[in-house]
Amino acid sequence: MLIAAHCPKPLALVVAAALACAASGASAHPHVWVTAKAQLVYEGGKLVGVRDTWSFDPEYTAFVTQGLDTNKDGKLSPEELAGLAAENTANLAEFGYFTKLKVGGKEQAFSDPKEPAAHMEDKALVMTFLLPLKTPVQQGRGVAALEVYDPTYFVAFSFAEGTDAATLAGAPQGCAATVTRPKTEQPKTADAGSPGMTEAFFEALTAASTYGVQFASRVLVACP
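Reading guide: rules and limits
Residues numbered from 1 in each chain as written. Predicted model: local features only at pLDDT ≥ 70, side-chain atom pairs only at ≥ 80, totals over all residues. Heavy atoms only, no water. Helix = DSSP H or I, 4+ residues; strand = E, 2+ residues; numbered from the N terminus. Buried < 20%, exposed > 50% of the residue type's maximum accessible area, 1.4 Å probe, protein only. Contact = heavy atoms within 4.5 Å. Areas by Shrake-Rupley, 256 points an atom, 1.4 Å probe, with all protein chains shown as cover. Phe/Tyr/Trp six-rings, centres within 6.5 Å; stacked < 30°, edge-to-face > 60°. Polar contact = N/O pair within 3.5 Å; in protein donor to acceptor, adjacent residues only side chain to side chain.

1. Observations regarding the overall build of the protein
Then, number 1: A tally of regular secondary structure across the protein gives four helices and 13 strands.
Then, number 2: Out of the 224 residues in the protein, the part that is buried amounts to 43%.
Then, number 3: Sequence-distant contacts, at least 24 apart, represent 71% of the contacts inside the protein between residues at least 6 apart.
Then, number 4: Put simply, the protein shows about 11100 Å² of open surface, and 55% of that area lies on carbon and sulfur atoms.

2. Notes on the environment of Pro-172
Then, number 1: For Pro-172, the position within the fold is in the loop between β10 (166-169) and β11 (176-180).
Then, number 2: Here the alpha-carbon distance between Pro-172 and Glu-43, two residues 129 residues apart in the chain, equals 8.9 Å.
Then, number 3: Sequence-distant contacts of Pro-172, that is, excluding residues within four places in its chain, are made with Tyr-42 and Gly-45.

3. Observations concerning the packing of aromatic side chains
Then, number 1: Under the defined criterion, the tally for this structure stands at six aromatic pairs.
Then, number 2: Each ring, one from Phe-56 and one from Tyr-60, has its centre 5.0 Å from the other, and the planes form 25°; the classification is stacked. Accessibility classification places Phe-56 together with Tyr-60 in one group, the buried group.
Then, number 3: Summarising the aromatic geometry, the rings of Phe-95 and Phe-98 are spaced 5.3 Å apart at their centres and angled 25° between planes, so their arrangement reads as stacked.
Then, number 4: Looking at Phe-95, the relative accessible area reads 24%, which means it is partly exposed.
Then, number 5: We classify Phe-98 as buried; its relative accessible area is 4%.

4. Considering the side chain of Gln-108
Then, number 1: Tracing the backbone through its elements, the reader meets Gln-108 in the loop between β5 (106-107) and β6 (114-121).
Then, number 2: Assessed through its relative accessible area of 14%, Gln-108 is described here as buried.
Then, number 3: Polar side-chain contacts of Gln-108 include one of 2.9 Å to the backbone oxygen of Lys-106.

The structure is reproduced here in structure tokens:
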């Protein structure tokens, strides 16, 4: 496994950090781009989990899937990608899975992820996993608010367009999900040469930072 000094770890895969350094000279953020979808899962009237679906940019996809075409047929099957999905998902714990959920203003804790899987769509790696809540919560008329973002902006998340960006499974009748987009436009690149945007600035950011949240979309679920 490659280790890249001075580069943070995207999605807990150190090899991807090596790619980011090589590609950018550690001169810009973000290094990985993800288009996200989310499904809030309900059972018996309670919110029990969040299913994340992430589509990665072609450059990241090409690097991280090298050598996985074990049958040499020129295609990557879900079976060939299963190990990558399991490793990537398990290692997301230290980043809080880049997923924050509040119900009635109270932040919810997740158990270990389940059902990791991956497949290819054109040239993009698509990874899915289910984050069960440690304690299922009765939403009632309280609003559930979901955000998916990287506080350090190493990974740039944006929600997909269209009605399938945020969906509900098993929700009580009348519940509806909407996506609100950030007021701050997400820059394509935050260059180290820009005022205040040095690599040292980004390296100093932690999971407790608030930099990345300004670019976060929010899924709001309201029930009658």
